[in-house]
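Breakdown of the fold
Here is how the chains run, residue by residue.
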Amino acid sequence: MTAPHPLVTRARRLADDLLVPHAEQVDRGEVPMSHLVEIRRSGLLGLNAPKEYGGAAAPASVVRETAEILAGACCSTWFVQTQHHTPVLTLAGTEGAVRERLLGRLATGEVLSGVAYAHLRAHPRIPVRVGRERTGWRFDGTVPWYTGWGLNDVLLLAGVTDSDEALFAFAEAREQPGLRASAPMRLAALTAARTVSLELDGLWLPEEAVVLRTPYEQWAATDRAKTVNANPAVFGLTEAALTLLDEDTATPLRTRLAKLRGEAYALADHAAPHEHHAERLVLRTRAYQVMQAATTAAVVTGGGRSMLLTGRAQRLAREALFLLVQGQTRESRAAHLGALAA
């Protein structure tokens, strides 16, 4: 039997010793910086980063397994730290001054990054516009969702230019001229992740802050290939719910989960990410169905106790609602609604 990857071992230790014991407390408050400090010390913030920059360059299977573990332990903490991996991957795939300035610091966790780009999926509506100004770029509009405000050091901000390009640049994650944050949102789940909206009114960033500039359709095609795959967090949350069930109830759900996970990850590792599109969407939707069944069963098993805010089952059920819409696109929404209607 192959020994688990060291990062998987560290993730499990973090989950067992820190995240699970405090998950209900975090859910009713905020993700503490101390949680993120421990994740940084574990090396998990450098999962995807190149080794020459201090990262682990971990295989996809390890990235998925650690995501499952963290999401199942404390979904709010997982969601804050998972934002960090997109900026790391973006920098790892580019060249230039911003890569040399930030990638090493992100890989080691010295700097924690958030992301502000999901609004690009609203195209042809353009919530954030970017235009040339002096020797840099001006951002105007609204970022509807930004997670980790007050926890992140920098943010990867995206908008659309007049020539229909997607432009990504790094900014400091703080209020400054041209950038104002709302009060933290009260949400049905993951309020603890410190989500705000950002108002951009002439935020100016220099050319050297730009990390990616590409035709919108080219970015969207890459994004679609990612968002049709099943989210490892869904499998992790389902596993957590199954631990609250008796074996008679849990066994058939666990069997379905294992089959789905195997099929979904086989497709995720497929050499041609743009192929088997419809099949990927079907597996994504089925993963949601097993997650909902498991979290509902956990609530039913807990009975009236499940309605207490200190109860684990209700927290997992609410977090499942969040995962139903996290990373949602028009296409994934249509596929999910079609399955529900059928």
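This text goes with the structure placed above it.
Remember, predicted model here, so these are calculated numbers, not experimental data.

**Observations concerning the pattern of salt bridges**
Overall, the coordinates contain 21 salt bridges when judged by the stated rule. Arg12 is the partner of Glu65 in a salt bridge, and the nearest nitrogen-oxygen pair spans 3.1 Å. Here Glu65, found in helix H3 (residues 60-73), pairs with Arg12, found in helix H1 (residues 6-27); they are 53 residues apart in sequence, far enough to count as distant. On the basis of relative accessible area, Arg12 is assigned to the partly exposed category, the value being 42%. Taken together, the salt bridges that share partners define one network made up of Glu133, Arg134, Arg138, Asp140 and Asp201.

**Here's the deal with the packing of aromatic side chains**
Scanning the model with the defined rule gives eight aromatic pairs in all. Look at Phe79 and Phe322: their rings are 4.8 Å apart centre to centre, the planes differ by 75 degrees, and that puts the pair in the edge-to-face class. Of this pair, Phe79 sits in helix H4 (residues 75-82) while Phe322 sits in helix H11 (residues 312-325), and the two are 243 residues apart along the sequence. Residue Phe79 shares its accessibility class with Phe322, and that shared class is buried. Where Tyr117 meets Phe168, the ring centres are 6.0 Å apart and the plane angle is 50 degrees; that geometry is what we call tilted. You can see Tyr117 sitting in the loop between strand E1 (113-116) and strand E2 (128-133) and its partner Phe168 sitting in strand E5 (residues 165-172), a full 51 residues away along the chain. Of the two residues examined, Tyr117 and Phe168, each falls in the buried class. Grouping aromatic residues by their ring pairs yields a cluster made of Tyr117, Phe168, Tyr216 and Trp219.

**Some points on the state of the cysteines**
Inspection of every chain in the model, using the stated rule, returns zero disulfides. You can see Cys74 has no disulfide; the closest cysteine sulfur is in Cys75, sitting 7.8 Å from it. On the basis of relative accessible area, Cys75 is assigned to the buried category, the value being 0%.

**Section: H1**
Along its length, H1 shows its largest kink, about 50 degrees, at Leu19, and proline Pro21 lies within four residues downstream of that point. Taken together, the buried positions of H1 are occupied by Leu7, Val8, Ala11, Leu14, Ala15, Leu18, Leu19, Ala23, Glu24, Val26 and Asp27. Contacts from the buried residues of H1 go to helix H2 (33-42), H3, H4 and H11.

**Quick notes on the packing of H4 against H11**
Put simply, H4 and H11 touch, their axes get as near as 11 Å, and they point 30 degrees apart. Classed by the angle they form, the pair H4 and H11 counts as roughly parallel. Residues Cys75, Ser76, Trp78 and Phe79 of H4 form the contact with H11, whose own contacting residues are Glu319, Phe322 and Leu323. Class assignment of the residues belonging to the contact of H4 with H11 gives a composition of five nonpolar, one polar and one charged.

**Some words on helix H9 (residues 247-268)**
The end-to-end C-alpha separation of H9 is 30 Å, in line with the 32 Å expected for 22 residues at 1.5 Å each. When H9 is considered as a whole, its buried residues turn out to be Ala250, Leu253, Leu257, Leu260, Arg261, Ala264, Tyr265 and Leu267. One face of H9 carries all of its buried residues, which in axial projection span an arc of 135 degrees. H9 presents Asp248, Thr255 and Lys259 as exposed residues on the side facing more than 90 degrees away from its buried surface. Here the buried face of H9 lies against H3, helix H8 (232-242) and helix H10 (277-302). Between the side-chain oxygen at the start of H9 and the backbone nitrogen of Asp248 there is a gap of 3.1 Å, and the oxygen is on Asp246.

**Re the nonpolar core**
Looking at soluble globular proteins, one finds that nonpolar side chains tend to be buried together. In this structure, Leu44, Trp78, Phe235, Met291 and Leu323 are the most contacted members of the largest nonpolar core, which totals 63 residues. When contributions to this core are tallied by element, the ones reaching two or more residues are H1, H2, H3, H4, H8, H9, H10 and H11. Of the residues forming this core, the biggest block, nine residues, is contributed by H1. Core analysis: the next-biggest nonpolar cluster, separate from the first, contains 25 residues, Val115, Tyr117, Ile126 and Ala220 among them.

**Points about the packing of H10 against helix H12 (residues 330-341)**
Packing of H10 against H12 brings their axes to within 10 Å, and their N-to-C directions diverge by 60 degrees. Considered as vectors, H10 and H12 are oriented oblique to each other. Crossing handedness for the pair H10 and H12: right-handed. In contact with His277, Leu281, Arg284, Thr285, Tyr288, Gln289 and Gln292 of H10, H12 contributes Glu331, Ser332, Ala335, His336 and Ala339. In the contact of H10 with H12, the residues fall into four nonpolar, six polar and two charged.

**So, the environment of Gln81**
Within the secondary structure layout, Gln81 lies in helix H4. Taking C-alpha positions, Gln81 is 8.2 Å from Ile39, a pair spaced 42 residues apart along the chain. Not counting chain neighbours up to four residues away, the residues in contact with Gln81 comprise Leu36, Ile39, Leu45 and Leu70. For Gln81, the side chain forms a polar contact with the side chain of His85, separated by 3.0 Å.

**Here's the deal with the side chain of Thr195**
Residue placement: Thr195 occurs in strand E7 (residues 195-206). Engagement of the side chain of Thr195 in a polar contact is seen with the side chain of Thr147, the distance being 3.0 Å. Not counting chain neighbours up to four residues away, the residues in contact with Thr195 comprise Trp145, Tyr146, Thr147, Ala183, Pro184, Met185 and Leu187.

Reading the values: the criteria
Residues numbered from 1 in each chain as written. Predicted model: local features only at pLDDT ≥ 70, side-chain atom pairs only at ≥ 80, totals over all residues. Heavy atoms only, no water. Salt bridge = Lys/Arg side-chain N within 4 Å of Asp/Glu carboxyl O. Helix = DSSP H or I, 4+ residues; strand = E, 2+ residues; numbered from the N terminus. Buried < 20%, exposed > 50% of the residue type's maximum accessible area, 1.4 Å probe, protein only. Phe/Tyr/Trp six-rings, centres within 6.5 Å; stacked < 30°, edge-to-face > 60°. Disulfide = S-S within 2.5 Å. Bend = angle between axes of the 7 residues up to and from the residue. Contact = heavy atoms within 4.5 Å. Axes fitted to C-alpha atoms, helices over the stretch in contact; angles between N-to-C directions. Parallel < 35°, antiparallel > 145°, perpendicular 65-115°, else oblique. Nonpolar A, V, L, I, M, F, W, Y, C, P; charged D, E, K, R; others polar. Expected span 1.5 Å × (residues − 1). Arc of directions from axis to C-beta. Polar contact = N/O pair within 3.5 Å; in protein donor to acceptor, adjacent residues only side chain to side chain. Core = buried A, V, L, I, M, F, W, Y, C linked by side-chain atoms within 4.5 Å. Left-handed = near helix turned anticlockwise from the far one by under 90°.

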